[in-house]
Amino acid sequence: NSPEGPFSVTTTLFIGRRLWEGGELYLNPEMSGGEGFSSTMGVAGFPNGEVYRVGDPKPRLAIARVFLRERFSLGGSETESISSDQNQIAGSVPARRLTFTLGRFGLTDIFDTLAFATEPRTQFMNWSVWGAGAWDYAADTRGYTWGLAAQLEEPEWAFNFAAVMVSSMANGPDFDTHLSEAYSLNAEFIKSIHWIQRRGKIHVVVFLNHANMGDYRMAITEANATGKPPDVTQTRSYSSKAGLVFGVEQSVSESVGLFGRISWNDGKKESWMFT
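Residues numbered from 1 in each chain as written. Predicted model: local features only at pLDDT ≥ 70, side-chain atom pairs only at ≥ 80, totals over all residues. Heavy atoms only, no water.

Some thoughts on the pairing of strand β7 (residues 97-105)
Argument step 1. Pairing geometry for strand β4 (residues 60-73) and β7, over 8 bridges, is antiparallel. Pairing of F72 across the sheet is with L98, part of β7.
Argument step 2. With 9 bridges joining them, β7 and strand β8 (residues 145-153) adopt antiparallel strand pairing. For L98, the partnering residue across the bridge sits in β8 and is L152. (Pairing = 2+ DSSP bridges. Helix = DSSP H or I, 4+ residues; strand = E, 2+ residues; numbered from the N terminus.)

Overview of the pattern of salt bridges
Argument step 1. Inspection of the entire model under this criterion finds 15 salt bridges.
Argument step 2. R65 is paired through a salt bridge with D109; the nearest N and O atoms lie 2.7 Å apart. Taken as a pair, R65 in strand β4 and D109 in the loop between β7 and α1 (127-130) lie far apart in primary sequence, 44 residues in all.
Argument step 3. What makes R65 buried here is its relative accessible area of 11%.
Argument step 4. Classification of D109 as partly exposed rests on a relative accessible area of 37%.
Argument step 5. One salt bridge connects R104 with D140, and the closest N-O pair in it is separated by 2.8 Å. In this pair, R104 sits in strand β7 while D140 sits in the loop between α1 and β8, placing the two residues 36 residues apart along the sequence. The same class applies to R104 as to D140, namely buried.
Argument step 6. Through salt bridges with shared partners, a single network forms among R18, E24, R69 and R71. (Salt bridge = Lys/Arg side-chain N within 4 Å of Asp/Glu carboxyl O. Buried < 20%, exposed > 50% of the residue type's maximum accessible area, 1.4 Å probe, protein only.)

Some details on unusual backbone geometry
Argument step 1. Phi is positive for N87, close to 55°, though the residue is something other than glycine.
Argument step 2. Turning to its location among the elements, N87 is positioned in the loop between β5 (79-82) and β6 (91-94).
Argument step 3. Classification of N87 by relative accessible area gives buried; the value is 11%.

Observations regarding the pairing of strand β10 (residues 183-195)
Argument step 1. Sheet topology note: the strand β9 (residues 157-164)/β10 ladder contains 8 bridges and is antiparallel. By the bridge assignment, V164 is partnered in β10 with S184.
Argument step 2. One ladder, built from 13 bridges, connects β10 with strand β11 (residues 198-213); its direction is antiparallel. Along β11, the bridge assignment pairs L185 with L208.
Argument step 3. Where β10 hands over to β11, the hairpin turn is made up of 2 residues, of which I196 adopts a positive phi near 45°.

Focus: the nonpolar core
Argument step 1. Counting residues in hydrophobic clusters, the biggest one holds 29 residues, and the most contacted among them are F105, L107, W135 and Y137.
Argument step 2. Listing elements by their share of this core, those giving two or more residues are α1, β9 and β11.
Argument step 3. Per element, the largest residue contribution to this core is 4 residues, and it comes from β11.
Argument step 4. Ignoring sequence-local partners within four residues, the contact set of W135 consists of L107, T108, F111, D112, N186, F207, V245, S263 and F274. (Core = buried A, V, L, I, M, F, W, Y, C linked by side-chain atoms within 4.5 Å. Contact = heavy atoms within 4.5 Å.)

What is shown is where atoms sit, not what they do.
Written as structure tokens, this is what we have:
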């Protein structure tokens, strides 16, 4: 057997412009290419979070994100200073605010954003560490979706909600346009905690996906009846999958932090977008 030597490359350009007070427009062209070892099969938590399940060795340019963000003050004179960052323009924002995001974005840009384990480019790379394994979060092959998200932020807590599109096939590049039957609803509650005089957060995410997914139990039942190998793709119908994520992050010092995640879904329907 000859050794494998796959490679991966991703490059993203982050472009943002403030249109008016509270309104911002962002565009992220992204080049990606390469593939994972054994086509990302054979290990549950793949070690490279920058590799897609369906890869093309030849680098290609695509639009990763394009969205409009609108921020509203909920009253009060208290403000926060934010620095310039990826898809973030430096300035001062209300401490109590309601933010809407409309367009193409990643659910993991907004939800389950643990400070120490969210970004595989700069933090932990393993799929089981930077994301919650049981959260079958809505996305195309590249990890992005279309929809609307709302974020209610208070000084000590926050609540996020998003309604977005799901892919038309398992881990597919295209979206299901039957919006009354194909969608993903996601909600998150975040609470600040204070331990050893340092700040931390607790994250609780719940999700409900409705898509043209197969049923594992039905596939096994049909296989037992026919004597053929189980094929979950032959049992697809529009149905629901629900689950939740619990996460915690805690700063210990200026250079040390702790985090943990527990995630669960009902396990009855086909893995559709991420697992």
